[in-house]
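Chain by chain, the residues run as shown.
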Amino acid sequence: MSPWLAVALLGLAYSLGGAEASQKDHKYAEKEAVVLWVNKVGPYNNPTETYNYFSLPYCRRYPDKKPEHAWGGLGEVLEGNELINSHYDIKFRVPVWGMQPICSMALTEAKAQQFHDAIVGQYWYELFMDDLPIWAFVGETIKDKDGNDMAYIYTHKHFDISFNRDRIIHVNLTANHPVLVKPGVNLTFTYAVQWTPTTTPFARRFERYLDYSFFEHKIHWFSIFNSFMMVLFLTGLVAIILMRTLRKDYARYARITEDDMEALERDLAEESGWKMVHGDVFRPPRNLVLLAACVGTGAQLALLALGVVALTIAGSFFEERGTILTAFIVCYALTSCVGGYVSGSFYAANDGRAWIRAMLLTAGLFPGLCFGIAFVLNTIAICYKSLAAVPFGYIMAVILLWSFISFPLCLIGTVIGRNWNSTPNWPCRVKRIPSPVPDRKWYLRPAIITAAGGLLPFGSIFIEMYFIFTSFWNYKVYYVYGFMLLVVCILLIVTACVTIVGTYFLLNAENYHWQWTSFGMAGSTALYVFLYSIHYFVFKTKMTGFFQTCFYFGYTSMLCLGLGLVCGAVGHLAAAAFVRTIYRNVKCD
């Protein structure tokens with residue numbers, strides 16, 4: 001094994017590991033030390049604008065000690081977490097009464113200004129105890145007699161910890177004892193710990209973080225029912241096209257034997273619609289390399305989305321920091337063979353010659369675009385000294401994961417795909433000279449069909465997008481992955497049906513450029529999601545500042561890019577199957 005491969009595999013193993021606390025069994029003996037980790041601070045209205053806990057001038061319990069970090073997995077770091085041991089003296093089932101001092105400090109003018117700005121900006125902080133998150137605000141503002149905002153910092157933390165036998169179940173934090181922030185004030189930070197027995201089992205300790213009234217609202221169930229009815233309508237429409245509209249043509253062509261080819265050609269000359277383009281419908285599309293890469297990557301992402309959602313349902317990944325993101329990255333690398341196979345098959349079937357270019361673009365299209373966006377965001381985060389900045393070592397881990405796992409698997413999949421589909425096998429022979437495309441009404445033009453194609457798929461996921469955006473940007477834990485799996489399946493079915501109908505209308509207009517149109521028709525769903533994200537940003541959030549705006553639209557762009565590739569690939573594959581089906585039953589050669 002080469003050294004580089006060893007490094008890559010070690011990076012993969014390391015990325016799968018969690019924080020130190022995650023490796024324990026969460027069991028404590030009486031009087032055993034319980035570590036309280038401080039994580040991050042930031043403005044409440046800007047969820048991704050987070051900083052190291054000690055970026056605020058809090059004093060430390062042991063200032064001479066080197067900070068003890070709990071470095072987590074790859075996903076945890078990418079989510080902007082940096083756990084540092086607070087060194088609070090907390091022991092299992094041992095109460096700390098009164099106001100046990102942590103440390104003291106005198107506020108200089110600079111430190112007072114930092115705390116004042118943080119409190120006015122509604123800064124909150126996050127702590128962890130036994131993998132349970134704890135939140136509180138830095139302080140509060142109170143208006144004086146003249147109406148000015150006076151900043152008060154909370155100097156006391158009261159921990160109310162519930163336990164069941166030898167395990168911690170719940171941790172509640174009450175921050176109080178406000179002190180006016182001004183230069184020259186001496187601050188003494190204190191804490192207290194109270195232990196309370198509970199009968200809640202360990203397996204249900206995370207349920208208190210789940211907002212059942214929000215995610216299981218009637219509107220959520222109604223949206224699923226509405227989307228299901230949309231599926232029934234569209235599948236019925238496709239069935240009508242396949243069984244009624246095309247049945248007469250199939251019946252007539254089936255009666256024609258090889259001796260009646262002249263009669264067939266005469267009938268075709270008098271006809272109009274999809275039958276007239278049988279000699280051009282399987283002509284290779286323009287920009288074949290790019291389309292092959294898009295279809296292959298989209299098919300891989302579709303399988304990846306279904307797989308990660310299924311894994312999350314089976315394993316409750318949402319309960320652990322960064323686990324879903326880590327699973328997504330690792331599973332993307334492992335499913336690269338699927339993207340390579342679909343891309344290579346499609347490219348070979350269309351008589352493509354530059355298969356290496358197609359493979360390279362397939363392997364690098366989605367990771368390259370995401371890396372470009374992430375590079376810009378990471379640069380911004382570094383300038384702001386935010387925890388959202390990813391350390392160089394973790395960037396290298398992702399690059400090695402792509403280089404030694406994703407890229408080789410994509411190459412293998414491409415080779416298999418092109419060898420199995422190296423010879424085009426179309427139902428109709430392609431003419432040497434392309435036929436002219438007649439001018440049709442405006443609503444039958446590819447641009448209009450493309451723009452309209454994403455409306456119904458977006459309508460099927462509109463409500464779910466609200467829940468996803470709210471959970472990601474408003475501090476709610478998304479846990480209804482069963483809903484998400486059902487919505488993803490509905491989206492894929494609706495996308496396939498809409499693309500089939502749109503392709504039929506396009507071919508009836510004697511326009512045989514259906515390949516890119518079908519991909520764009522389905523992929524335009526992502527455009528409507530992005531437009532909705534703008535509406536959500538303006539009317540549903542209170543985000544402010546250049547940093548948060550860049551991260552919001554940067555993350556949303558990655559989401560829409562992946563969604564566009566998924567929907568585009570599913571739509572194109574459905575349209576390709578439809579076109580093959582209708583022309584297979586027509587004797588046109």
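Residues numbered from 1 in each chain as written. Predicted model: local features only at pLDDT ≥ 70, side-chain atom pairs only at ≥ 80, totals over all residues. Heavy atoms only, no water.

**What to know about the confidence of the model for the chain**
On average, the chain scores 87 in pLDDT, and the residues at 70 or more come to 89%. Mean pLDDT in the chain bottoms out at helix H1 (residues 3-16), which sits at 43, and peaks at helix H17 (residues 525-539), which reaches 97. Low pLDDT, under 50, characterises residues 1-10; the predicted model gives this stretch eight contacts beyond four residues in sequence or across chains. Scored below 50 in pLDDT, residues 12-23 shows 27 contacts in the model against residues more than four places distant or in partner chains. (pLDDT = per-residue confidence, 0-100. Helix = DSSP H or I, 4+ residues; strand = E, 2+ residues; numbered from the N terminus. Contact = heavy atoms within 4.5 Å.)

**Some points on the packing of aromatic side chains**
By the definition in use, this model includes 46 aromatic pairs. Ring centres of Tyr 88 and Phe 159 lie 6.4 Å apart, and the angle between their planes is 75 degrees; on these two criteria the pair is classed as edge-to-face. With Tyr 88 in the loop between strand S4 (83-85) and strand S5 (96-106) and Phe 159 in strand S9 (residues 149-164), this residue pair connects regions lying 71 residues apart in the sequence. Taken as a pair, Tyr 88 and Phe 159 share a single burial class, namely buried. With a centroid separation of 6.3 Å and an interplanar angle of 65 degrees, the aromatic rings of Tyr 466 and Tyr 536 are classed as edge-to-face. Of this pair, Tyr 466 sits in helix H14 (residues 455-473) while Tyr 536 sits in helix H17, and the two are 70 residues apart along the sequence. Given the relative accessible area of 30%, Tyr 466 is considered partly exposed. The rings of Tyr 384, Phe 472, Trp 473, Phe 530, Phe 537, Phe 547, Phe 551, Tyr 552, Phe 553 and Tyr 555 are connected pair by pair, giving a single aromatic cluster. Geometry around Phe 202 places Arg 167 over its ring, the cationic atom sitting 4.2 Å from the centre. (Phe/Tyr/Trp six-rings, centres within 6.5 Å; stacked < 30°, edge-to-face > 60°. Buried < 20%, exposed > 50% of the residue type's maximum accessible area, 1.4 Å probe, protein only. Lys NZ or Arg CZ within 6 Å of the ring centre and 35° of its normal.)

**Quick word on a nonpolar patch on the surface**
A grouping of Ile 219, Phe 222, Phe 225, Phe 228, Met 229 and Leu 232 is seen on the molecular surface, where their side chains present a nonpolar patch of about 590 Å² in accessible area. Mapped onto the secondary structure, Phe 225 falls in helix H5 (residues 218-245). (Patch = residues over 30% accessible without salt bridge, like charges linked within 9 Å, V, L, I, M, F, W, Y side chains within 5 Å. Areas by Shrake-Rupley, 256 points an atom, 1.4 Å probe, with all protein chains shown as cover. Salt bridge = Lys/Arg side-chain N within 4 Å of Asp/Glu carboxyl O.)

**What about empty space enclosed by the protein?**
For the coordinates displayed, the defined rule picks out one cavity of 30 Å³ or more. Counting only elements with at least two residues in the lining of the largest cavity, the list comes to S4 and S5. Residue classes in the lining of the largest cavity are distributed as 12 nonpolar, three polar and six charged. (1 Å grid on protein atoms, 1.4 Å probe; cavity = no way out; pocket = protein on both sides within 12 Å on 5 of 7 lines; lining within 4 Å. Points joined across faces, edges and corners; volume = space filled by probe spheres on them. Nonpolar A, V, L, I, M, F, W, Y, C, P; charged D, E, K, R; others polar.)

**Points about the packing of helix H11 (residues 355-384) against helix H12 (residues 392-420)**
Two numbers describe how H11 lies on H12: the axes approach to 8 Å, and their chain directions differ by 155 degrees. Between H11 and H12, the angle falls in the class roughly antiparallel. Crossing of H11 against H12: the hand is right-handed. Here Trp 355, Met 359, Leu 360, Thr 362, Ala 363, Gly 364, Pro 367, Phe 371 and Asn 378 of H11 lie close against H12, whose contacting residues are Ile 395, Trp 402, Phe 407, Cys 410, Leu 411, Thr 414, Val 415 and Arg 418. (Axes fitted to C-alpha atoms, helices over the stretch in contact; angles between N-to-C directions. Parallel < 35°, antiparallel > 145°, perpendicular 65-115°, else oblique. Left-handed = near helix turned anticlockwise from the far one by under 90°.)

**Considerations on the nonpolar core**
Counting residues in each nonpolar core, the largest one holds 148 residues, and the members touching the most others are Tyr 58, Tyr 125, Met 129, Phe 159, Ile 168 and Tyr 583. Judged by nonpolar contacts, the second largest core, of eight residues, contains Leu 74, Ala 333, Leu 401 and Ile 405. (Core = buried A, V, L, I, M, F, W, Y, C linked by side-chain atoms within 4.5 Å.)

**Describing the pattern of salt bridges**
The final tally for this structure, using the stated rule, is eight salt bridges. In this structure, Asp 130 engages Arg 205 in a salt bridge whose closest nitrogen and oxygen atoms are separated by 2.8 Å. Within this pair, whereas Asp 130 is found in the loop between strand S6 (123-129) and strand S7 (132-137), its partner Arg 205 is found in the loop between strand S11 (186-197) and helix H4 (212-215), the two being separated by 75 residues in sequence. Summarising the burial analysis for this pair, Asp 130 and Arg 205 share the class buried. Here Lys 143 and Asp 149 are joined by a salt bridge, their closest N and O atoms 3.0 Å apart. The exposure class of Asp 149 is partly exposed, given its relative accessible area of 38%.

**Let's talk about helix H16 (residues 514-523)**
Counting buried residues in H16 gives nine out of 10 residues, a clear majority hidden from the surface. For H16, the full list of buried residues reads Trp 514, Gln 515, Thr 517, Ser 518, Phe 519, Gly 520, Met 521, Ala 522 and Gly 523. Among the structural elements, helix H8 (288-315), helix H13 (446-453), helix H15 (481-508), H17 and helix H18 (546-584) are those in contact with the buried residues of H16.

**Notes on the pairing of strand S10 (residues 167-180)**
Relative to S10, S9 runs antiparallel, the two being bridged by 12 bridges. The partner of Lys 157 across the bridge, within S10, is Ala 175. (Pairing = 2+ DSSP bridges.)

**Remarks on unusual backbone geometry**
Most of the time, phi is negative for any residue but glycine, and the peptide bond is trans. For Asp 131, which is not glycine, the phi torsion reads 70 degrees and is therefore positive. Tracing the chain through its elements places Asp 131 in the loop between S6 and S7. On the basis of relative accessibility, which here comes to 16%, the residue Asp 131 falls in the buried class. Non-glycine residue Asn 287 carries a positive phi angle of around 50 degrees. Note that Asn 287 resides in the loop between helix H7 (261-270) and H8.

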